[in-house]
Amino acid sequence: MKRNAKDNLFVDIQLILFVAYLFRFSKIDFSVPGWLQATGLFISFTGIIVLLTSIITLNKNLSPFPTPRQSATLVQSGIYKYIRHPIYSGILFFTLGFSMYSENTLRLLIFFMLLILFRFKAVYEEKLLQNKFSNYAAYKKKTGMFFIVKKKEIRRT
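Residues numbered from 1 in each chain as written. Predicted model: local features only at pLDDT ≥ 70, side-chain atom pairs only at ≥ 80, totals over all residues. Heavy atoms only, no water.

A. Region of the structure containing the overall build of the protein chain. A count of helical and extended segments in the protein chain gives five helices and zero strands. Along the protein chain, helices and strands appear, N-terminal first, in the series α-α-α-α-α. Counting across all 157 residues of the protein chain, residues that qualify as buried make up 40%. Across the protein chain, contacts joining residues at least 24 apart in sequence account for 80% of those joining residues at least 6 apart. When the accessible area of the protein chain is evaluated, it comes to approximately 10000 Å², of which 65% is carbon and sulfur surface. Across the protein chain, the 22 positively charged side chains and the 7 negatively charged ones have centroids separated by 9 Å. (Helix = DSSP H or I, 4+ residues; strand = E, 2+ residues; numbered from the N terminus. Buried < 20%, exposed > 50% of the residue type's maximum accessible area, 1.4 Å probe, protein only. Contact = heavy atoms within 4.5 Å. Areas by Shrake-Rupley, 256 points an atom, 1.4 Å probe, with all protein chains shown as cover. Lys, Arg positive; Asp, Glu negative; His and termini not counted. Charge placed at Lys NZ, Arg CZ, Asp CG, Glu CD.)

B. Summary view of the UniProt feature "transmembrane region" (unreviewed entry) in the protein chain. Per the UniProt record, the feature "transmembrane region" (unreviewed entry) sits at residues 9-26, 38-58, 79-100 and 106-124. Split by type, residues 9-26 is 67% helix and 0% strand. Its first and last C-alpha atoms lie 30 Å apart. A distance of 30 Å separates the end C-alpha atoms of residues 38-58, which is 100% helix and 0% strand. (UniProt positions renumbered as here; feature names shortened; annotations may be inferred.)

C. Structural view of the pattern of salt bridges. Tallied over the entire structure, the rule returns three salt bridges. A salt bridge links Arg84 to Glu126, with the nearest nitrogen and oxygen atoms 2.5 Å apart. Within this pair, whereas Arg84 is found in the loop between α2 (34-58) and α3 (86-102), its partner Glu126 is found in helix α4 (residues 105-132), the two being separated by 42 residues in sequence. Like Arg84, the residue Glu126 is buried in the burial classification. Residues participating in the shared-partner salt-bridge network are Arg84, Glu126 and Lys140. (Salt bridge = Lys/Arg side-chain N within 4 Å of Asp/Glu carboxyl O.)

Here's what the structure looks like:
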């Protein structure tokens with residue numbers, strides 16, 4: 001599939017938010033108890049592990065753009081067995097956790113902006129994936145978008 005302007009827009013906004021995440025305006029920072037800072041650090045490390053695991057599992061299918069590569073295959077193994085967008089999940093875990101650890105208001109705001117951006121990007125990406133892969137709808141039913149969500153089967157008696 002061929003990339004379009006929407007692909008570039010999503011990646012450009014994402015890049016701007018990543019760069020903005022590097023900054024700090026100490027006048028608007030907040031304080032949290034030490035245990036919450038430690039929790040933030042744990043969440044950020046969890047995000048890094050999820051992100052790296054996702055990248056390794058995706059392998060040659062990896063692209064920053066929502067449009068899948070021409071030669072892409074639908075990966076449903078590893079972490080992708082449970083989460084459709086674990087790279088986004090890993091980034092979200094990291095940005096949330098590190099904003100708590102660093103007590104940085106700007107980073108916390110950027111986390112929320114990334115959450116909104118990734119929601120729109122994922123919905124767009126899923127439409128493209130559904131067009132490319134006939135089994136994507138079934139995969140979508142059994143996995144969560146960003147975080148591990150096991151859906152219970154409803155038994156009828």
